[in-house]
Amino acid sequence: LVGQFEHAIKQLEELTGKKFDEKKFEEACARANRTASAWLKSCNYMSYKPSPLSGFDLFNHMADIVAARCDEEAALGFELLAQEFEQSIKDGTSTWEYPEEHRILFEGIPCWPGLRPLFEPLKDNGVNVTAVVYAPAFGFKYNNVREMAAAYCKAPCSVCIETGVEWRETMAKENGISGALVNYNRSCKPWSGAMPEIERRWKEDLGIPVVHFDGDQADERNFSTEQYNTRVQGLVEIMNERKAERVAKGEEVYTNFENTKETDWSKPTLK
């Protein structure tokens, strides 16, 4: 991989007539690392219960971490975002303005042309997305070409299934989810190809209900609102049944934003 990056640098030098500037690259890395640190900090606030945000907020903010990570404005923006979430924890507020009846993991790249159809049935059923894989996947940090190559070897669709399962299951436990929703994204086969096996592992290891739907990150024709709504409703019904069982056994006492004084905001629920 290092050789591929070095070859790309030579090609760019020939195309642009400019020599690669190591100092400028290091400066860009420093800004990108600052951006990544603030972005990952913002993502981690989903582990609080109730959460001060929805995973859909991260989807809406992702363009900057993907395309502008080397800009100082992006770093500053995400630092302000993290401060906003921190203040929300202190104030007992959230961008998620609905009852947090359930917390789920959203797996895969969102259907960008259809974020609203993805969000609304979850909102209507009090289902907050408090764990997402795609957003923190862009929190790369590196200081040179070799470290950059190593960082991109750790992307979610670059690692083996065992590592991918471990990463996701750790996030699920830390963020207190009780179900998972998986997008079988037709435009990213490397990401979606392993999903059936990963789903099986979740059901076995975490004991949570998992449903999937057919979608596409770019082509809205591959997304069916009716199918998606049906799958979400099925997931909600299973989570409602399991939650009722836990409450009956005294294993769960739900706290929402109407009585936040009973909530311990000093640490994430499962940390």
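You'll find the structure just up there.
Here is a short report on the structure shown in this document. (Residues numbered from 1 in each chain as written. Predicted model: local features only at pLDDT ≥ 70, side-chain atom pairs only at ≥ 80, totals over all residues. Heavy atoms only, no water.)

## Description of the overall build of the protein
- What the protein contains, in helices and strands, is 10 helices and 4 strands.
- The C-alpha atoms of the protein give 20 Å as radius of gyration, which agrees with the globular expectation for 271 residues (18 Å, within 12%).
- When the backbone C-alpha atoms are referred to their principal axes, the protein occupies close to 70 × 40 × 30 Å.
- Taking all 271 residues of the protein together, the buried fraction comes to 46%.
- Sequence-distant contacts, at least 24 apart, represent 81% of the contacts inside the protein between residues at least 6 apart.
- As displayed, the protein offers around 14200 Å² of accessible surface, 50% of which is attributable to carbon and sulfur atoms.
- Of note, the protein has its 33 positive side-chain charges centred 3 Å away from the centre of its 44 negative side-chain charges. (Helix = DSSP H or I, 4+ residues; strand = E, 2+ residues; numbered from the N terminus. Rg over C-alpha atoms; globule rule 2.2 N^0.38 Å. Buried < 20%, exposed > 50% of the residue type's maximum accessible area, 1.4 Å probe, protein only. Contact = heavy atoms within 4.5 Å. Areas by Shrake-Rupley, 256 points an atom, 1.4 Å probe, with all protein chains shown as cover. Lys, Arg positive; Asp, Glu negative; His and termini not counted. Charge placed at Lys NZ, Arg CZ, Asp CG, Glu CD.)

## Overview of helix 2 (residues 22–44)
- For helix 2, spanning 23 residues, the distance from its first C-alpha to its last is 32 Å, which sits close to the expected 33 Å at 1.5 Å a residue.
- When helix 2 is considered as a whole, its buried residues turn out to be Phe25, Ala28, Cys29, Ala32, Asn33, Thr35, Ala36, Ala38, Trp39, Ser42 and Cys43.
- Near the N-terminus of helix 2, the side chain that reaches the backbone nitrogen of Lys23, with its oxygen 3.0 Å away, is that of Asp21. (Expected span 1.5 Å × (residues − 1). Polar contact = N/O pair within 3.5 Å; in protein donor to acceptor, adjacent residues only side chain to side chain.)

## Concerning the packing of aromatic side chains
- Applying the stated criterion to the full structure yields 21 aromatic pairs.
- Each ring, one from Tyr45 and one from Tyr48, has its centre 5.9 Å from the other, and the planes form 25°; the classification is stacked.
- An angle of 80° between the planes, with centres 6.0 Å apart, marks the rings of Phe213 and Phe223 as edge-to-face. On the criterion of sequence distance, the pair formed by Phe213 in strand 4 (residues 210–215) and Phe223 in the loop between strand 4 and helix 10 (225–248) is long-range, its members being 10 residues apart. (Phe/Tyr/Trp six-rings, centres within 6.5 Å; stacked < 30°, edge-to-face > 60°.)

## Quick notes on the environment of Phe20
- Among the secondary structure elements, Phe20 is positioned in the loop between helix 1 (2–16) and helix 2.
- Residue Phe20 is classed as partly exposed on the basis of its relative accessible area, which comes to 33%.
- Once residues lying within four places of it in the same chain are set aside, the contact partners of Phe20 are Ile9, Glu13 and Phe25.

## A few points about the pairing of strand 3 (residues 179–185)
- When you tally the buried positions in strand 3, you get 7 out of 7 residues, the bulk of the element.
- Side-chain alternation along strand 3 places Gly179, Leu181, Asn183 and Asn185 on one buried face and Ala180, Val182 and Tyr184 on a second face that is also buried.
- Taken together, the 4 bridges between strand 1 (residues 102–107) and strand 3 define a ladder with parallel strand orientation. In the sheet register, Glu107 faces strand 3, and the bridge partner there is Val182. (Pairing = 2+ DSSP bridges.)

## Here we look at a negative patch on the surface
- A cluster of like negative charges, contributed by Asp21, Glu22, Glu26 and Glu27, occupies part of the molecular surface.
- Within the fold, Glu27 resides in helix 2.
- Here Glu27 falls in the partly exposed class, since its relative accessible area comes to 38%. (Patch = residues over 30% accessible without salt bridge, like charges linked within 9 Å, V, L, I, M, F, W, Y side chains within 5 Å. Salt bridge = Lys/Arg side-chain N within 4 Å of Asp/Glu carboxyl O.)

## Some points on the sheet that holds strand 2 (residues 127–132)
- Within the open sheet, the 4 strands sit side by side as 2-1-3-4. Their pairing is parallel. Each edge of the sheet is formed by a strand with only one pairing partner; in this case those strands are strand 2 and strand 4. Taking the axes of each pair of neighbouring strands and ignoring which way they run, one obtains an average angle of 30° across the sheet.
- Of the strands in this sheet, strand 1, strand 2, strand 3 and strand 4 touch helix 10, which is tilted by about 170° from strand 4. (Axes fitted to C-alpha atoms, helices over the stretch in contact; angles between N-to-C directions.)

## Notes on the packing of helix 3 (residues 55–67) against helix 4 (residues 72–91)
- The interhelical angle for the contact between helix 3 and helix 4, taken along N-to-C directions, is 145°, at an axis separation of 10 Å. For the element pair helix 3 and helix 4, the recorded crossing hand is left-handed. Note on element contacts: helix 4 touches helix 3 through Ala74, Phe78 and Leu81, opposite His61, Asp64 and Ile65.
- Residue composition of the contact of helix 3 with helix 4, grouped by class: 4 nonpolar, 1 polar and 1 charged. (Left-handed = near helix turned anticlockwise from the far one by under 90°. Nonpolar A, V, L, I, M, F, W, Y, C, P; charged D, E, K, R; others polar.)

## Side note on the nonpolar core
- Counting residues in each nonpolar core, the largest one holds 56 residues, and the members touching the most others are Leu118, Leu122 and Leu181.
- Beyond its immediate stretch of four places on either side in the chain, Leu118 contacts Phe56, Phe106, Pro110, Cys111, Phe213, Phe223 and Tyr228.
- Membership of the second largest hydrophobic core comes to 10 residues, among which are Phe140, Val145, Ala151 and Ala155. (Core = buried A, V, L, I, M, F, W, Y, C linked by side-chain atoms within 4.5 Å.)

## What to know about the pattern of salt bridges
- All chains considered together, the criterion is met by 14 salt bridges.
- Across the pair Arg168 and Glu107 runs a salt bridge whose closest N-O atoms are separated by 2.7 Å. One end of the pair, Arg168, is in helix 7 (residues 161–174); the other, Glu107, is in strand 1, and 61 residues separate them in sequence.
- When the shortest N-O distance is used, the salt bridge between Arg201 and Glu197 registers 2.7 Å. Of this pair, Arg201 and Glu197 are both found in helix 9 (residues 195–205), 4 residues apart, which corresponds to roughly one turn of the helix.

Shape is all these values report; function is a separate question.
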